[in-house]
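What follows is the residue order along each chain.
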Amino acid sequence: MSVAKVIEIISSSTTSFDDAVTQGIAKASETITGIKGAWIQDQSVEVADGKATMYKVTLKLTFVLKGD
């Protein structure tokens, strides 16, 4: 039997939404093992002088809890 947990993280990038997702998962993977999936819950962008300056994503990450 396995049990999974879902956590929420927010990640940002000055490059793109894709980069924000990739960086968020990579950073979470430094301390969380067994990440099996990610769901993009929300996206937003900061704008300055008519240009997108920061791409933000809210991710829900699913990982399997370690057993005894």
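Relevant structure appears above.
The structure contained in this document is the topic of the report that follows. (Residues numbered from 1 in each chain as written. Predicted model: local features only at pLDDT ≥ 70, side-chain atom pairs only at ≥ 80, totals over all residues. Heavy atoms only, no water.)

1. With respect to the overall build of the chain
Broken down by element type, the chain carries one helix and three strands. Here the C-alpha radius of gyration of the chain, 14 Å, is well above what a compact globule of 68 residues would show, namely 11 Å. By its C-alpha atoms, the chain is 55 × 20 × 10 Å across when sized along the principal axes. Here the chain holds 68 residues, and 21% of them are scored as buried. (Helix = DSSP H or I, 4+ residues; strand = E, 2+ residues; numbered from the N terminus. Rg over C-alpha atoms; globule rule 2.2 N^0.38 Å. Buried < 20%, exposed > 50% of the residue type's maximum accessible area, 1.4 Å probe, protein only.)

2. A few points about the sheet that holds strand 2 (residues 35-48)
The three strands lie next to each other as 1-3-2, forming an open sheet whose pairing is antiparallel. Since the sheet does not close on itself, it has two edges, and those belong to strand 1 (4-13) and strand 2, each with one partner. In this sheet, neighbouring strand axes are inclined to one another by 15° on average, regardless of whether the strands run parallel or antiparallel. Where strand 1 and strand 3 (residues 51-64) come together, 10 bridges link them in antiparallel fashion. Bridge assignment links Ala 4 to a residue of strand 3, and that residue is Val 64. (Pairing = 2+ DSSP bridges. Axes fitted to C-alpha atoms, helices over the stretch in contact; angles between N-to-C directions.)

3. Quick look at the nonpolar core
Ranked by size, the top nonpolar core spans nine residues in total: Ile 9, Ala 20, Val 21, Ala 28, Ile 32, Val 57, Leu 59, Leu 61 and Phe 63. Only helix 1 (17-29) and strand 3 provide two or more residues apiece to this core. In contact with Phe 63, not counting residues within four places along its chain, are Val 3, Ala 4, Lys 5, Ile 7, Ile 32, Thr 33, Gly 34, Ile 35 and Lys 36. (Core = buried A, V, L, I, M, F, W, Y, C linked by side-chain atoms within 4.5 Å. Contact = heavy atoms within 4.5 Å.)

4. Considerations on the environment of Ile 32
Along the chain, Ile 32 turns up in the loop between helix 1 and strand 2. On the basis of relative accessibility, which here comes to 17%, the residue Ile 32 falls in the buried class. As a C-alpha pair, Ile 32 and Leu 61 span 29 residues in sequence and 9.9 Å in three-dimensional space. Not counting residues up to four positions away in its chain, the partners in contact with Ile 32 are Ile 7 and Phe 63.

Structural measurements only, silent on function.
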